[in-house]
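# Residue-level structure breakdown
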Amino acid sequence: MLNDLTIRAATVNGSGSQSSNLVLTHALVRLGIPVAPKNIFPSNIEGLPTWFDVRLSPRGYQCRSRDVDVLVALNLVTWESDIASVKPGGVIVHDASYTVHGATARDDVTYYPVPFTELSKEHFPQGSPRKYLINMIYVGVLAQILAIDLAAVEGALRDQFKRKPAAVELNLSAVHLGYEYARDHLPKVDSYRVEPMPGGTDGLMLMDGNRGAALGCVMGGCTVAAWYPITPSTSLCETFIEYCDRFRVDPATKERRAAIIQAEDELAAIGMVIGAGWAGARAMTSTSGPGISLMAETAGFAYYAEIPGVVFDVQRAGPSTGLPTRTMQGDVSFAAQLSHGDTKHIVLLPATVEESYEFAMSAFDLADRFQTPVFVLSDLDLGMNLWLTTPLAYPEHPFDRGKVLSAEDLGRLSTWGRYRDVDGDGIPYRTIPGTPHPNAGYFTRGSGHDEESRYSESPEVYQRNLDRLLRKYETARGAVPQPLVEETGPDVAILAYGTTHHAVVEARDILRQDGLAVDYLRVRALPFTPEIAAFIARHQRVYVVEQNRDGQLFGLLRAELPANLVERLHSIRHYTGEPIDASAVTVPLLHAERTADQAVAAAVS
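Report follows, based on the coordinates.

Rules used in this analysis
- Within any chain, residue numbers begin from 1 and follow the written order of that chain's sequence.
- Reporting in this predicted model follows two pLDDT cut-offs: at least 70 for local features of residues, and 80 or more for side-chain atom pairs to be given and counted; totals over whole chains, interfaces and linings ignore these cut-offs and use all residues.
- To obtain the side-chain values, all non-hydrogen atoms of the structure were included, while hydrogens and water were left out.
- Every axis in this analysis is a line fitted to C-alpha atoms, fitted for helices over the stretch in contact. Angles between the N-to-C directions lie between 0 and 180 degrees.
- Secondary structure counts use DSSP, requiring at least four H or I residues in a row for a helix and at least two E residues in a row for a strand, with both numbered from the N terminus.
- Note on terminology: angles under 35 degrees are roughly parallel, angles over 145 are roughly antiparallel, angles of 65 to 115 are roughly perpendicular, and the others are oblique.
- Each helix crossing is assigned a hand: it is left-handed if the near helix lies turned anticlockwise from the far helix by less than a right angle, otherwise right-handed if that turn is clockwise.
- Residues are treated as being in contact if the distance between any of their heavy atoms lies within 4.5 Å.
- Gly is put with the polar residues, along with every residue not named as nonpolar or charged; the nonpolar set is Ala, Val, Leu, Ile, Met, Phe, Trp, Tyr, Cys and Pro, and the charged set is Asp, Glu, Lys and Arg.
- By definition, two strands form a pair when at least two bridges between them are found by DSSP.
- Using a 1 Å grid laid over the protein atoms alone, points where a 1.4 Å probe fits but cannot get out form a cavity; open sets with protein on both sides within 12 Å along at least 5 of 7 lines form a pocket; any residue with an atom within 4 Å of a point counts as lining.
- Grid points are joined across faces, edges and corners, and a volume is the space filled by probe spheres set on the points.
- Segmentation of the chain into domains, including their bounds, is taken from an automatic or database domain assignment.
- Within 3.5 Å is the distance limit for a polar contact, defined as a pair of N or O atoms, with the added protein rule that one can donate a hydrogen and the other accept it, and that residues adjacent in sequence qualify only through two side-chain atoms.
- Throughout this description, the term salt bridge denotes a Lys or Arg side-chain nitrogen within 4 Å of a carboxyl oxygen of Asp or Glu.
- Only protein chains enter the calculation, and the probe is 1.4 Å; a residue is then buried if its accessible area is under 20% of its type maximum, exposed if over 50%, and partly exposed in between.
- To estimate the expected span of a helix, count its residues, drop one, and scale the result by 1.5 Å.

### A look at the packing of helix α7 (residues 209-219) against helix α13 (residues 353-370)
Where α7 meets α13, the closest approach of the two axes is 7 Å, and the angle between their N-to-C directions is 30°. Between α7 and α13, the angle falls in the class roughly parallel. Pair α7 / α13 crosses with right-handed handedness. In this structure, α7 contributes G209, G212, A213, L215, G216, C217 and M219 to the contact, and α13 contributes V353, S356, Y357, A360, M361 and F364. Its residues assigned to classes, the contact of α7 with α13 shows 9 nonpolar, 4 polar and no charged.

Printed below as a string of structure tokens:
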């Protein structure tokens, strides 16, 4: 069981376990071992159960695993259920005060009792952060049991506390205390161990998707952010502020070159974004599902008045307050048509940290080019968890500001219409407020308007305007990120998007080992591109895998595709609020395939 296991720390929220879990994660990366950390935490500040999984995978799988191999049990409230989650042959490191009997007494696992509280009281003086140091003790215990190089642990710990150098030695002593206790009192009888994988993580770094998106906003030219804090999107704007403090301040005058406003609510935030977009700035807000709900009316205004802006929706479980600290792909159909009336928005669907960064930059170009709000739908798993990623590339292309008329352009025109389709692509021309030409001005109308931006309630004019907006959306099919296709020709395929991608990667390997090869298409944006229908047409059965109850992307596809292709689609859904794992794909897919085979056999007989 070398380098292929999941370590779960079951603790209590507010106990300080996050730092120790990050030390463990970074230590493993230093050894060249690919990891996939997943933080499952409650929505209260302190007291409820929290779990942190670190999956080690020589093949570099980035989705969570349903199996727990090594458990650190430090929450008596969940002690019994945590024991049940460990696979046969697994390891349980637990507080020695926890009694092993009844349902917790298993003969197919190895128990390693450690007197964590007594050790901390014995070795750390009263007034020191004893309850937090317990977590570093278990890092030392794991290092000894799994043979994790202590030098890697020390390096990761020093990095973790580089802004608190006074805390380094105290935490390091706790690691050594746990290591020495395990060495002297816990003879190893399990089969799990860790061994360096030289080069296994070369060229990779750990980053969360919210940080990648924030950096993409800086590189994409964003100078205005208006936001209201909400889990799990808050860190996106907080990180954008951090980057603006470094890169949006004039070095000579110290003048700030960015406007960042914490609004009173999400309605005000989206209003500020649209106002800034109308004025010519690149502006964004970040939120989650409840905030998207509040932004619906203003999003429709921006769609109809044709004003650019970018909205980052880091999705969480709903409806209502739902599970604020759980992940979901539950806003796809809502964001795609946000507002009343006939509305179709451009939606980007990143699956990786690299795409969070790249799609953030692309979103501002698309918003300017198509003069419309653009939604970037991440989720809690991508936004707040750490992922191994390649370094983020510096942008190679200049900004695309779209059809903006300068004073010189206006000087060559006898007349122009703000909402007139000159080029046949549905995209009109606009001016930026302050353009020094007498013909630059126009009325920005969210109510009925004609091509010259004059108020109109004419049915013919209104229909022409809606048709042009639809034509603009059709043009966007060729401009949004194209789907990624892996195809070798079998009859069966998977279609997915966002973080579901990582479970599909592993699921395809498992299915291949079971003798079932499946092709794969990953959707990266709405509107759908022509390649998606062509891909479905080349396969007999296409399984649409997503993380919501109602099969939202499945429904959007059914609404667009012809009937002969709709009948080829089958929906696989995962909606527990926890990140999707490979078995959530393989189990229902194999069941459906067996059912299909049985139906064919029955028809033949």
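Let's pick the thread back up.
### Here we look at the sheet that holds strand β18 (residues 525-526)
With mixed pairing, the 7 strands of this open sheet are ordered in space as β9-β8-β10-β11-β13-β12-β18. Where the open sheet ends on each side, the last strands, each with one partner, are β9 (259-262) and β18. Direction of pairing for strand β11 (residues 309-315) relative to strand β13 (residues 373-379): parallel, over a ladder of 7 bridges. Paired with V311 across the strands is F375, a residue of β13.

### Description of empty space enclosed by the protein
Regions of empty space are outlined by a rolling probe, equal in size to a water molecule, passed over the atoms. Applying the stated criterion to the full structure yields 7 cavities of 30 Å³ or more. Surrounding the largest cavity, Y303, K344, H345, I346, F370, T372, L469, K472, Y473 and A476 form its lining. The dominant element in the lining of the largest cavity, judged by the number of residues it contributes, is helix α16 (residues 459-476), at 4 residues. Taken together, the residues that form the lining of the largest cavity break down as 6 nonpolar, 2 polar and 2 charged. Counting contributing residues per domain, the lining of the largest cavity is built from domain 2 (207-389) and domain 3 (403-480), each supplying no fewer than three.

### Points about the side chain of D190
Relative to the helices and strands, D190 is located in the loop between α6 (168-185) and β7 (205-208). A distance of 2.7 Å separates polar atoms of two side chains, one belonging to D190 and the other to K188. At a separation of 2.9 Å, a polar atom in the side chain of D190 contacts the main-chain amide nitrogen of Y192. With sequence-adjacent residues up to four places away left out, D190 is seen in contact with V91, T110, Y112 and I145.

### A short note on the pattern of salt bridges
One pass over the full model with this rule turns up 42 salt bridges. R64 is paired through a salt bridge with D581; the nearest N and O atoms lie 3.5 Å apart. Of this pair, R64 sits in the loop between β3 (49-56) and β4 (68-73) while D581 sits in the loop between β20 (569-573) and α21 (583-604), and the two are 517 residues apart along the sequence. Judged by its relative accessible area of 2%, D581 falls in the buried class. R183 is the salt-bridge partner of D184, the closest N and O atoms lying 3.1 Å from each other. Residue D184 is classed as exposed on the basis of its relative accessible area of 52%. What emerges from the salt-bridge pattern is a single network uniting R282, D365, D368, R401 and R430.

### A closer look at helix α8 (residues 234-247)
Taking 1.5 Å per residue, 14 residues should reach 20 Å; α8 reaches 20 Å between its end C-alpha atoms and fits that length. Buried within α8 we find T234, L236, C237, T239, F240, Y243 and C244. Where α8 is buried, its residues meet α7, β8 (224-227), β9, β10 (283-287) and β11.

### A word on the sheet that holds strand β5 (residues 86-95)
Note: strands within a sheet are paired through backbone hydrogen bonds, in either parallel or antiparallel orientation. The 6 strands lie next to each other as β2-β3-β1-β4-β5-β6, forming an open sheet whose pairing is mixed. This sheet does not close on itself; its edge strands, each paired only once, are β2 (35-40) and β6 (110-114). Each strand axis lies, on average, 15° off the axis of its neighbour in the sheet, ignoring direction. With 5 bridges connecting them, β5 and β6 associate as parallel partners. Bridged to D95 within β6 is V114.

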